[in-house]
Amino acid sequence: MPSSRCELADDVCPISDDSLGELYRANDLFVPFVPGFVSTLPPDVRALLALFCYRRSHLHSMGLGIAAICDKDNLVQAGGSVGACASC
């Protein structure tokens, strides 16, 4: 279990602080869709962002929404077995 805590602590957000703020605001407003800028991200960055959000309880549903627009191969490459689960 300690290794997963270290992984979360070492997890770096793959997008700018401003873009992360947009995600937080969308999540706080219960917006039922993923902000439009997410679809413009390169596939590997989008997968990293999906996993970054998925690992945080307050952004978990946003992470699943982002994962839904990711290619499963990118999710697996970015997160291994966690990436495979996020794409289900």
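Before going into details, it helps to say that this report is about the structure given with it. Everything numeric in this text was worked out from a predicted model, so none of it was measured.

About the thresholds
- Residues numbered from 1 in each chain as written.
- Predicted model: local features only at pLDDT ≥ 70, side-chain atom pairs only at ≥ 80, totals over all residues.
- Heavy atoms only, no water.
- Helix = DSSP H or I, 4+ residues; strand = E, 2+ residues; numbered from the N terminus.
- Buried < 20%, exposed > 50% of the residue type's maximum accessible area, 1.4 Å probe, protein only.
- Contact = heavy atoms within 4.5 Å.
- Areas by Shrake-Rupley, 256 points an atom, 1.4 Å probe, with all protein chains shown as cover.
- Phe/Tyr/Trp six-rings, centres within 6.5 Å; stacked < 30°, edge-to-face > 60°.
- Lys NZ or Arg CZ within 6 Å of the ring centre and 35° of its normal.
- Core = buried A, V, L, I, M, F, W, Y, C linked by side-chain atoms within 4.5 Å.
- Expected span 1.5 Å × (residues − 1).

**Comments concerning the overall build of the protein**
Stage number 1. Tallying secondary structure elements over the protein gives five helices and zero strands in all.
Stage number 2. Taken from N to C terminus, the helices and strands of the protein fall in the order α-α-α-α-α.
Stage number 3. Counting every position in the protein, which comprises 88 residues, the buried fraction comes to 35%.
Stage number 4. Here the analysis covers contacts within the protein between residues at least 6 apart in sequence; of these, 55% occur between residues at least 24 apart.
Stage number 5. Surface exposure of the protein reaches about 5300 Å², of which carbon and sulfur atoms provide 58%.

**Focus on the environment of Ala67**
Stage number 1. Inspection of the secondary structure assignment puts Ala67 in helix H4 (residues 60-68).
Stage number 2. Measuring from C-alpha to C-alpha, the distance between Ala67 and Arg46 comes to 7.9 Å, with 21 residues separating the pair along the chain.

**Concerning the side chain of Asn74**
Stage number 1. Position of Asn74 relative to the elements: it lies in helix H5 (residues 72-86).
Stage number 2. The buried category is assigned to Asn74, whose relative accessible area is 19%.
Stage number 3. Other than its neighbours up to four places away in sequence, Asn74 contacts Pro43 and Ala47.

**A few points about the packing of aromatic side chains**
Stage number 1. Scanning all chains against the criterion turns up zero aromatic pairs.
Stage number 2. The cationic tip of Arg56 hangs over the ring face of Phe52; the distance from NZ or CZ to the ring centre is 3.7 Å.

**Section: the nonpolar core**
Nonpolar side chains in soluble globular proteins tend to end up buried together.
Stage number 1. One finds Ile15, Leu23, Val38, Leu41, Leu49, Cys53 and Ile66 to be the most contacted residues of the largest nonpolar core, which totals 19 residues.
Stage number 2. Contributions of two or more residues to this core are made by helix H2 (17-28), helix H3 (43-54) and H4.
Stage number 3. Non-local contacts of Leu41, meaning those with residues more than four positions away in its chain, are made with Ile15, Arg46 and Leu49.

**Looking at H2**
Stage number 1. Between its terminal C-alpha atoms H2 stretches 16 Å, which fits the 16 Å expected from twelve residues at 1.5 Å a residue.
Stage number 2. Along H2, the positions that sit buried rather than exposed are Ser19, Leu20, Gly21, Leu23, Ala26 and Asn27.
Stage number 3. Tucked inside the fold, the buried residues of H2 contact H3 and H4.

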